[in-house]
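Analysis of the macromolecular model
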Amino acid sequence: MRLLAAVDLGEGLEPVVESTRFLQEGLGIPAELIHVVPTPYFEALGRRFPHLRPGLEEALSQVEKEVQRALAETGLRARVLRGFPAQVVAGEALRSRLVLLGQRGTDSLEVLARGGLARYLLHRGEVPVLLLPRALKGVRRIAVGLDDSPASLSAFRVAEAWGRALGAEVFGLHLVSGRGGCCFPTYLDPETLGLAEVLVQAKAHLEGLLKATGVVEVSKGEEELDLLRLAKVREADLLVLGSKAKSTWRHRLGRMVEVLSHRSSLPLLVVPEATVW
């Protein structure tokens, strides 16, 4: 099994390549870059206008050669494939431990393609996905967004494995909000408890589930971005969240993942709850 980095040739290429090199060495897992040339449109043109087919095939072959040459310069193993990008990457992901995706490009087409591919992979919930708004070149502290769900506990176990491999500190962050907020603690009765007591009981509850003490910080927060702010204050290099992609209906990924997958300025690792690292 490998680390799979799906790349284009936009602004997000270098951060993904740097992150891939770092994780290949740090996790001790071989990595591969793939670039998918989106051919369905050109194939449809060739069927509709047969006289264009030879020229289109020649152009696509030249594109493949140029992209392969550019990726070879990274020093990483690389392949150029054809097809519908989301489907091709999803198929390759089934033979991978992790998929890395860039989140940096601001061009409108890059944003559209990036969001569609990331969302497609996250909703399939088959493999952890690392979203990279910037390069991950070193990891000292890993923050895990926690609740009491199985997905959250799986994310914490994966983060622990990464922490051991990378020599990083791992800690949990848990938000408590009032009714109507992002993180109402259904396992407590906060309306009959003072805030201080809620925070203490929430910490004890989560540490009991994790079977670890001293690794969970509980804080008041009313919106999902409060978790990102807290992780940055605690100087996290990486934020990890558990995905409920195959266990819920209304919010298939969990509200925290749905918001932060689009808005996190930290590298974000999204872990399906069935993941074993």
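Here, the structure is the one placed above.
To keep things clear, this report deals only with the structure shown in the data block.

Further remarks concern the overall build of the chain. Across its full length, the chain holds nine helices and 10 strands. In terms of overall size, the chain behaves like a compact globule, its C-alpha atoms giving a radius of gyration of 21 Å where 277 residues would be expected to give roughly 19 Å. For the chain, the C-alpha atoms occupy an extent of roughly 75 × 40 × 30 Å along the three principal directions. Relative to its full complement of 277 residues, the chain shows a buried share of 50%. Here the analysis covers contacts within the chain between residues at least 6 apart in sequence; of these, 76% occur between residues at least 24 apart. Per element, the accessible surface of the chain, about 13400 Å² overall, is 55% carbon and sulfur. Of the charged side chains in the chain, 35 are positive and 33 negative; the average position of the first set lies 3 Å away from that of the second.

Checked against the element boundaries, E224 lands in the loop between β8 (216–220) and α8 (225–233). Distance in space between the C-alpha atoms of E224 and A86 is 27 Å, their sequence separation being 138 residues. Those residues in contact with E224 that sit more than four places away from it in its chain are C182, R255, M256, V259 and L260.

Scanning the model with the defined rule gives 19 salt bridges in all. Residues E32 and R79 are paired through a salt bridge, measuring 2.8 Å at the closest nitrogen-oxygen approach. With a gap of 47 residues between them, E32 in strand β2 (residues 31–38) and R79 in strand β3 (residues 78–83) connect regions that are remote in the sequence. Residue E32 is classed as buried on the basis of its relative accessible area of 2%. On the accessibility criterion, R79 (27% relative accessible area) is partly exposed. In this structure, K220 engages E222 in a salt bridge whose closest nitrogen and oxygen atoms are separated by 2.9 Å. Accessibility expressed as a relative area gives 47% for K220, which makes it partly exposed. Put simply, R2, E32, R77, R79, E92 and R95 are held in one network by salt bridges that share partners.

So, on to the environment of L71. Within the element layout of this structure, L71 appears in helix α3 (residues 53–72). Taking the C-alpha atoms as reference points, L71 and L122, separated by 51 residues in sequence, lie 25 Å from one another. Once residues within four sequence positions are removed from consideration, L71 is found in contact with V7, L9, L13, L33, H35, L76, A78, R79 and V80.

Turning to α3, a few remarks are in order. An ideal rise of 1.5 Å per residue puts 28 Å on 20 residues; α3 measures up with 28 Å between its terminal C-alpha atoms. Three or more residues of α3 are buried, namely L56, L60, V67 and L71. Down the axis of α3, the buried set is contained in an arc of 35°. They therefore lie on one face. Away from its buried face by more than 90 degrees, α3 exposes P54, E58 and K65. Where α3 is buried, its residues touch α1 (13–27), β2, α2 (40–48) and β3.

Further remarks concern unusual backbone geometry. A positive phi angle, close to 60°, is found at E235, a residue other than glycine. A relative accessible area of 52% means that E235 is categorised as exposed.

Now for α8. Regarding α8, the residues found buried are L225, L227, L228, L230 and A231. Buried residues in α8 make contact with β6 (141–145), β7 (169–176), β8, β9 (238–243) and α9 (255–263). Just past α8, the residue E235 takes up positive phi, approximately 60°.

Calculation rules
- Residues numbered from 1 in each chain as written.
- Predicted model: local features only at pLDDT ≥ 70, side-chain atom pairs only at ≥ 80, totals over all residues.
- Heavy atoms only, no water.
- Helix = DSSP H or I, 4+ residues; strand = E, 2+ residues; numbered from the N terminus.
- Rg over C-alpha atoms; globule rule 2.2 N^0.38 Å.
- Buried < 20%, exposed > 50% of the residue type's maximum accessible area, 1.4 Å probe, protein only.
- Contact = heavy atoms within 4.5 Å.
- Areas by Shrake-Rupley, 256 points an atom, 1.4 Å probe, with all protein chains shown as cover.
- Lys, Arg positive; Asp, Glu negative; His and termini not counted.
- Charge placed at Lys NZ, Arg CZ, Asp CG, Glu CD.
- Salt bridge = Lys/Arg side-chain N within 4 Å of Asp/Glu carboxyl O.
- Expected span 1.5 Å × (residues − 1).
- Arc of directions from axis to C-beta.

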